[in-house]
Amino acid sequence: HKMAESDLVRSLQRDINCLSDPDRNTRRRALERIPNVLASNPPAEVHTAVVALLRPVLKTLADQSEKNRELAATFLIDVLPTAGDSSSFVREIVDVVRERLGVHPQVEGSEEVRLLLVQLMACLFKLCPEVVGTDCLDAVVAILDKAVLDVFPDVKKLSADLVRQLAKLQPEKVGLYGPQLVKNLLSCLGHQQAKVRCCALQAIAQVVPCKPGNLVHETLPFLRKLTGDRASAVRDELMGLAAYWLSCLEDEDSKWMLPILMSGVADEMPGVRDAAVKLLDQAGESRKVALDEMDLEVQRCSISSDSVLTARPSAGARALVRRHLKALLPGLLQDLRDWTVAQRGKAAEMLTSVVMYAEDAMTQHSEDVLPVLAKCLGDDDKAVVALVVRCSRCLGGFVAPEVFVPVIARMLSAQGLTPQNRACVLSLLSCLVNGGREVKGDATAASVAPTLPQLVAVLQNPDVRDSDAPAVQEEVLAALSAIVAACGPACRSVGAGLFASMLRLQALTGMPEVSAKAGALGVQLAEALGADTAEAMYREHSSTLLMSLVADHKQWQSDSADMHLFSTLMRNLGQGQGLPPAEMAQAVEVLCLPGDETREPDVRIHVLLLLKHLLDSSNMVPALRPHSAQLYARAVLPSCVWRAGRISHAVRKSAESVLYSMLCHRDGPVLDSPCMVASLPALLPIWTSFLDDDDAELRFLCCSLTPPMLSLLKGNLDLDTLRTMWVELLKRLDDSNDRIRVEAGRAFAAYFPHLPAGYESGQYDYLLRGIVVHLDDANSEVQDAMEPALRAAAAVNPRQFQEIVNEVKHKHRSPTRCDALLAHARTLPDNGH
């Protein structure tokens, strides 16, 4: 047997000698022949041959020829597994590899050869792990420490894997080298290849527990950065690392892994998310943390459809998160204020996950969390806002209203808040209330009801209630809607306050969408307050509010919210059955305000337009009719008096429209005859000024209201008044506006019945000739309006009428209308003139 061994060595002796030959080609051919010679021999013989070949071959690892170094490394990788016990070779091989790779800068310049040398180390790990991990530890660590920094990705991956194996093999000894190894491994976490990052994470996962403490804190920034890694495989590996450390490290170190796992729970990839949830459950069970179960109904509630979780987390996982909540929240709240959109969005998703695990344990952190969420609701990025809204709604499902409502109230009362800040706080309130309703269902009303007085106080905070910022009022509407939807019939205890808030939203000027939505909300509020209709709700809750508004009406200015509130209240009451007599008497005091010339013109105009709207409402007229004389005398007539200036003109125009509504109401005049007769001395100059105004609309309205005015003055017009009236009306027949001419003709039709029979012939002649000329007008509508007027004029003096018409008819383009009028006049009885 010994003879056979020596024969194998002797057969290789020439090749062994050739390994030292100066010619590189000779050395190469020797390296190529040796494996072929050994291939057919048993392990014992190969072992003997390797003993003889080892040093010459190891020397060739430093050969100047890259090809020869590659053949030498490959030979050792292939032959060692077939050479039996290789423990005696380990030290020499490791030392040579260290000379090539374990120094800085590395001696070996070929990427392929460096990879083969690391593969050679992997072979030794497999064949002689104990020897590698004990006798050669220093050299092995030196090699791997430098190899993980190699520019060749394959070398990095294999070296990191060997570090992982070494840490698992000799954890206590590797702990001595941990800081340096971890430092170099961390540099691999920024590599562009995901597989390199994964291998580095696996190695770090094994090395850090060998010597935790500072190493954990050194790795945290790098690990947190990887929570947003673009490769899901890296994030998945990161979840495994975090779960492993949670299970094997002490609380002081392991608690920092929870944020990483929570980022996985909120991951966008279902695979990573499911793995993180499962790992967190396992970590919770392994820690065996006791959990005090919640007393709330949330235990049996289904998770909301837009949640990151599809079911309630396990008890162990919930307990684990609760235990380390103080460590979790500060970092998340800081990330919510990060300057990058991606980081803020990720933090919002993670916080939602934390809330789902912590549940009611979030209550004690409300003071810290709520202000940050409110600020984030004003984020410039809509996607971030949507995520924060989801988080806030989730939080509302677990934090009791008696906790978050006082916090919201204090936030709104803080000094220096901008309208945007207030809008964000109110938005947060809506989210919390809506979230509670989604999670607790029918139990929401019972939890929110005790805080209803505080909620009403929040909505009626002067800085909120009187804000002119649309964003604030939109959020007030959203909060009010959330409260009504959540509490339902429980709202009756604060019905007056909610009604006032809803009405103020309706009264907003310049915000039509908010006002319209508030009106629609009135139906829901009426149902919650137990009223049959919205109109019934207005009648029920208007009395107290009306009293407070009337009491302060003398201080109203053009921008007074109370003035618009009064207007909205009265308009809504006009849609129903109006006001009871006592309340209407109070309202009339306000409606008489336009007669006070010392008040702002805008205020006077606003109240006049309100009065017109009420007069145009059939439901409100019966309540207004008993007060019509007072309104006419105190509000309308004083406002109709001509005064110079555009502003005074606007007041007159509004007042005339009110007078028109009083006289031309579809159900008949609101004013009575005695009132009109008593006011005639003051009314006639006003009527005259309207007919002579530069504003065509005023002239038109004056002509339109003349017929009902004459009807109320029947029998109380003297000849001087009658003459004044026809003189002014006759001017309007020559108006530049045909609408006014037509309306003036209709006014004459109502006027002539008031002229006494046999009226003074000279004036009658002048008046009749002034009208009949328009019977031949180019505008047929004007002709149509003149004919009824002339028919009425014929009754005053039929004979004189016929003489005048016969005289002028030949001047008309067509005598048809004149002939018809003459025929009509001949049927009238002669009055003796």
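Residues numbered from 1 in each chain as written. Predicted model: local features only at pLDDT ≥ 70, side-chain atom pairs only at ≥ 80, totals over all residues. Heavy atoms only, no water.

Q: Honestly, the overall build of the protein chain in this entry has me stumped. Any pointers?
A: Looking only at helices and strands, the protein chain has 44 helices and zero strands in total. Computed over C-alpha atoms, the radius of gyration of the protein chain comes to 49 Å, more than 25% over the 28 Å expected from 2.2 N^0.38 for 833 residues, which places it beyond the range of a compact globule. By principal-axis analysis of the C-alpha atoms, the protein chain measures approximately 175 × 65 × 40 Å. Within the protein chain, the proportion of its 833 residues that are buried is 54%. (Helix = DSSP H or I, 4+ residues; strand = E, 2+ residues; numbered from the N terminus. Rg over C-alpha atoms; globule rule 2.2 N^0.38 Å. Buried < 20%, exposed > 50% of the residue type's maximum accessible area, 1.4 Å probe, protein only.)

Q: For this particular structure, what's the right way to read the side chain of aspartate 777?
A: Relative to the helices and strands, aspartate 777 resides in the loop between α41 (761-772) and α42 (780-794). Within polar-contact distance, the side chain of aspartate 777 engages the backbone nitrogen of asparagine 779 at 2.8 Å. If near-sequence neighbours (up to four positions away) are discounted, aspartate 777 is found in contact with Arg741, Val782, Gln783 and Arg813. (Polar contact = N/O pair within 3.5 Å; in protein donor to acceptor, adjacent residues only side chain to side chain. Contact = heavy atoms within 4.5 Å.)

Q: Would you mind going over the packing of aromatic side chains with me for this structure?
A: Aromatic rings in a pair are described by how distant their centres are and how their planes are angled relative to each other. The full count for this structure, using the stated rule, is six aromatic pairs. Both rings, one in phenylalanine 748 and one in phenylalanine 752, keep their centres 5.6 Å apart while their planes meet at 25 degrees; by these two values the pair is stacked. The exposure class assigned to phenylalanine 748 is buried, which follows from its relative accessible area of 0%. Residue classification places phenylalanine 752 among the buried residues on the basis of a relative accessible area of 1%. Between tyrosine 751 and phenylalanine 752, the aromatic rings sit 5.9 Å apart at their centres with planes inclined by 70 degrees, giving edge-to-face as the arrangement. We classify tyrosine 751 as buried; its relative accessible area is 0%. In this structure an aromatic cluster arises from ring pairing among Phe748, Tyr751 and Phe752. (Phe/Tyr/Trp six-rings, centres within 6.5 Å; stacked < 30°, edge-to-face > 60°.)

Q: Please clarify how unusual backbone geometry should be interpreted in this entry.
A: Leaving glycine out, the prevailing phi sign among residues is negative, and the prevailing peptide bond configuration is trans. Of note, the bond from histidine 104 into proline 105 is cis; its omega dihedral lies within 30 degrees of zero at 0 degrees. The residue proline 105 is located in the loop between α5 (87-101) and α6 (111-127) in this model. One non-glycine residue with positive phi stands out, namely glutamate 359, at about 55 degrees. Relative to the helices and strands, glutamate 359 is located in the loop between α19 (341-358) and α20 (366-376). Exposure remark for glutamate 359: the relative accessible area of 2% places this residue in the buried category.

Q: Sorry, what's going on with the environment of histidine 217 here?
A: Assignment of secondary structure puts histidine 217 in helix α12 (residues 214-226). Along the sequence, histidine 217 and valine 118 sit 99 residues apart, while their C-alpha atoms lie 30 Å from each other. Contact partners of histidine 217, with chain neighbours within four places excluded, come to Asp253 and Trp256.

Q: Sorry if this is basic, but what is going on with the pattern of salt bridges here?
A: A side chain of one charge can pair with a side chain of the opposite charge if their charged atoms are brought near each other. Summed over all chains, the structure comprises 41 salt bridges. Among the ionic pairs, arginine 100 bridges to glutamate 108, the shortest N-O distance being 2.9 Å. Both residues of the pair, arginine 100 and glutamate 108, belong to the buried class. Residues participating in the shared-partner salt-bridge network are Arg312, Arg318, Arg322, Glu359 and Asp360. (Salt bridge = Lys/Arg side-chain N within 4 Å of Asp/Glu carboxyl O.)

Q: Would you take a moment to explain the packing of helix α27 (residues 470-487) against helix α29 (residues 512-528) for this structure?
A: Each pair of packed helices can be summarised by the angle the axes make with each other and by the distance between the axes. In contact at an axis separation of 10 Å, α27 and α29 are set at 15 degrees when each is read in the N-to-C sense. Taken together, the axis directions place α27 and α29 in an arrangement best described as roughly parallel. You can see that α27 and α29 cross each other, and the crossing is left-handed. Of the residues in α29, those in contact with Gln473, Glu474, Leu477, Leu480, Ser481 and Val484 of α27 are Val514, Lys517, Ala518, Leu521, Gln524, Leu525 and Ala528. Taken together, the residues of the contact of α27 with α29 break down into eight nonpolar, three polar and two charged. (Axes fitted to C-alpha atoms, helices over the stretch in contact; angles between N-to-C directions. Parallel < 35°, antiparallel > 145°, perpendicular 65-115°, else oblique. Left-handed = near helix turned anticlockwise from the far one by under 90°. Nonpolar A, V, L, I, M, F, W, Y, C, P; charged D, E, K, R; others polar.)

Q: Would you mind going over the confidence of the model for the protein chain with me for this structure?
A: One rule of thumb: low pLDDT means the predicted coordinates there are not for detailed reading. Per-residue pLDDT for the protein chain averages 86, and the proportion of residues at 70 or more is 95%. Predicted confidence is poor over residues 1-5, with pLDDT under 50, and the contacts of this stretch with residues over four places away or in other chains come to three contacts. The model gives residues 289-305 a pLDDT under 50, and that stretch makes 32 contacts with residues more than four places away or in other chains. (pLDDT = per-residue confidence, 0-100.)

Q: Any chance you could explain the environment of lysine 714 here in plain terms?
A: Within the fold, lysine 714 resides in the loop between α38 (696-712) and α39 (719-732). According to the relative accessible area criterion, lysine 714 is exposed, its value standing at 63%. In this structure, the C-alpha to C-alpha distance between lysine 714 and alanine 386, residues 328 residues apart in sequence, is 71 Å.

Q: I keep staring at α20 and nothing clicks. Help me out?
A: Think of an α-helix as 3.6 residues a turn; residues three or four steps apart then line up on the same face. Where α20 is concerned, the buried positions are Ser366, Val369, Leu370, Val372, Leu373, Ala374 and Cys376. If you follow the buried residues of α20, they end up packed against α18 (325-335), α19, α21 (382-396), α22 (401-413) and α23 (419-440).

Q: Got a minute to help me understand the packing of α20 against α22 in this structure?
A: Direction vectors running N to C along α20 and α22 enclose 55 degrees, while the axes themselves pass 10 Å from each other. Considered as vectors, α20 and α22 are oriented oblique to each other. α20 and α22 meet at a crossing whose hand is right-handed. For the pair α20 and α22, contact is made by Ser366, Glu367, Leu370, Pro371 and Ala374 and by Val403, Phe404, Val407, Arg410 and Met411, respectively. Residues of the contact of α20 with α22, tallied by class, amount to seven nonpolar, one polar and two charged.

Q: I keep staring at helix α15 (residues 258-265) and nothing clicks. Help me out?
A: Within α15, eight of the eight residues are buried, leaving the element largely enclosed by the surrounding structure. All of the buried residues in α15 are Leu258, Pro259, Ile260, Leu261, Met262, Ser263, Gly264 and Val265.

Q: Got a minute to help me understand the side chain of aspartate 63 in this structure?
A: Locating aspartate 63 in the fold gives a position in the loop between α3 (43-60) and α4 (66-79). Within the structure, aspartate 63 has its side chain in polar contact with the side chain of arginine 27 (distance 2.5 Å).

Q: It is not clear to me how the environment of alanine 744 should be interpreted in this structure. Could you clarify?
A: Inspection of the secondary structure assignment puts alanine 744 in helix α40 (residues 738-751). The buried category is assigned to alanine 744, whose relative accessible area is 0%. The spatial distance from the C-alpha of alanine 744 to the C-alpha of threonine 827 is 26 Å, given a sequence separation of 83 residues. Setting aside chain neighbours within four positions, we find alanine 744 in contact with Cys703, Leu729, Arg732 and Leu733.

Q: Explain the state of the cysteines here, please?
A: In a disulfide, the sulfur atoms of two cysteines are held together by a covalent bond. Taken as a whole and assessed by the stated rule, the structure comprises zero disulfides. Among the cysteines around cysteine 592, which has no disulfide bond, cysteine 675 carries the closest sulfur, lying 12 Å off. Residue classification places cysteine 592 among the buried residues on the basis of a relative accessible area of 5%. In this structure cysteine 675 comes out as buried when scored by relative accessible area, which is 13%. (Disulfide = S-S within 2.5 Å.)

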